[in-house]
Amino acid sequence: MKEVLGSHSGVMPGPVVGRFAPSPSGPLHFGSLVAALGSCLSARSQGGQWLLRIEDVDVPRSVPGAAEGILRTLEHFGFEWDGPVVWQSQRTAVYREAFERLKAGAHLFPCACTRKEMADSALARDGTRRYPGTCRDGLAPGRVPRAWRLRVPPGGVVFDDAVQGRVVEDVLADVGDFVLLRADGLFAYQLAVVVDDGEAGVTEVVRGADLLDSTPRQILLQRLLGLPQPAYAHLPVAANAAGEKLSKQTLARAVEGMAPAALLVEVLDFLGQAPPSGLAESGLPAVWAWSLANWAPARIPRLRLAPAPAHV
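Scoring rules and cut-offs
Residues numbered from 1 in each chain as written. Predicted model: local features only at pLDDT ≥ 70, side-chain atom pairs only at ≥ 80, totals over all residues. Heavy atoms only, no water. Phe/Tyr/Trp six-rings, centres within 6.5 Å; stacked < 30°, edge-to-face > 60°. Helix = DSSP H or I, 4+ residues; strand = E, 2+ residues; numbered from the N terminus. Buried < 20%, exposed > 50% of the residue type's maximum accessible area, 1.4 Å probe, protein only. Salt bridge = Lys/Arg side-chain N within 4 Å of Asp/Glu carboxyl O. Pairing = 2+ DSSP bridges. Axes fitted to C-alpha atoms, helices over the stretch in contact; angles between N-to-C directions.

1. A word on the packing of aromatic side chains
Here is step 1: One pass over the structure, following the stated rule, counts 9 aromatic pairs.
Here is step 2: Ring geometry for F20 and W50: centres 6.3 Å apart, planes at 10°, overall stacked. Within this pair, whereas F20 is found in strand β2 (residues 17-20), its partner W50 is found in strand β3 (residues 49-54), the two being separated by 30 residues in sequence. Here the two residues F20 and W50 agree in accessibility, since each one is buried.
Here is step 3: For the ring pair F109 and Y131, a centre distance of 6.2 Å and an interplane angle of 35° mean the geometry is tilted.

2. A word on the pattern of salt bridges
Here is step 1: Under the definition given, this model contains 16 salt bridges.
Here is step 2: One salt bridge connects R44 with D82, and the closest N-O pair in it is separated by 2.6 Å. With R44 in helix α1 (residues 30-45) and D82 in the loop between α2 (66-76) and β4 (86-87), this residue pair connects regions lying 38 residues apart in the sequence.
Here is step 3: The class of D82 is partly exposed, set by a relative accessible area of 23%.
Here is step 4: Between D184 and R182 there is a salt bridge, with its nearest N and O atoms 2.6 Å apart.
Here is step 5: Residue D184 is classed as partly exposed on the basis of its relative accessible area, which comes to 46%.
Here is step 6: Several salt bridges share partner residues, and in doing so they unite R19, R53, E55, R91, D196, D197 and E199 into one network.

3. As for the sheet that holds strand β5 (residues 108-111)
Here is step 1: Taken together, 3 strands build an open sheet; the order of strands is β5-β6-β9 and the sheet is antiparallel. The open sheet has two edge strands, β5 and β9 (179-181), and neither has a second partner. Direction aside, neighbouring strands of the sheet carry axes that sit 45° apart on average.
Here is step 2: Relative to strand β6 (residues 147-150), β5 runs antiparallel, the two being bridged by 4 bridges. Bridge pairing links F109 to R149 in β6.

Below you can see the structure in the form of structure tokens.
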């Protein structure tokens, strides 16, 4: 398989800039806290910046008041971020500019396919439907465009993840041409996150392994837009007793109001950091001080899904 991108091709040098980018579809839960703490400690332990972005580009999924609740919860747990919070819903013009650049470069094409028409398509690795290329060479007579897709080049995308190891994916074969402008007129997550990370100068992306399958698509977009490639580390995703990812859909319990020092210690344990017994009793400042002084990425379990503590 021909490689279109080498491992860590174009990885950004210089000062470390990390970020946490929650979606305001509900309150923060234990799984969210894992991504928040992992990304924060990775950046801060290297003397870097840690940015906060609210990923509300998918407006219909945003729950009123959820974003404000997320900010309150992060503050309650002792998180401090650099610079103002970035809101994707306020950045449509920036995404439009990147979209038009891709369009001008003949990297996009209009698509008339509906979800119903794609219901029989093969499943991609992340559970979405693989696009069969129906409109790639032009719309059929009488069809009108509903969405715009990236014309994905053939070949493999290769990168080395700091936790999961080497990842190889042929995006065209596995996913197909993916949507960048949706039928409802909203820009897709894949485009928004790449543009946001590039503009903010993000050098490392530390997040849950549920997003690992999105990374090759994002690397393709970085390449086409001339953006540097961050380093990646995909942390284990917290699961409930049934083995399901903690989420709003699986009724994950909100962490707002829980004892912050004790819960952060449980997150550290989940991430393989082996915090000492009695650390939580020392108070929140002590937990943060120990975490920053002892953060060890090599200890993070190389799992994509791991059981969360029973009480969360």
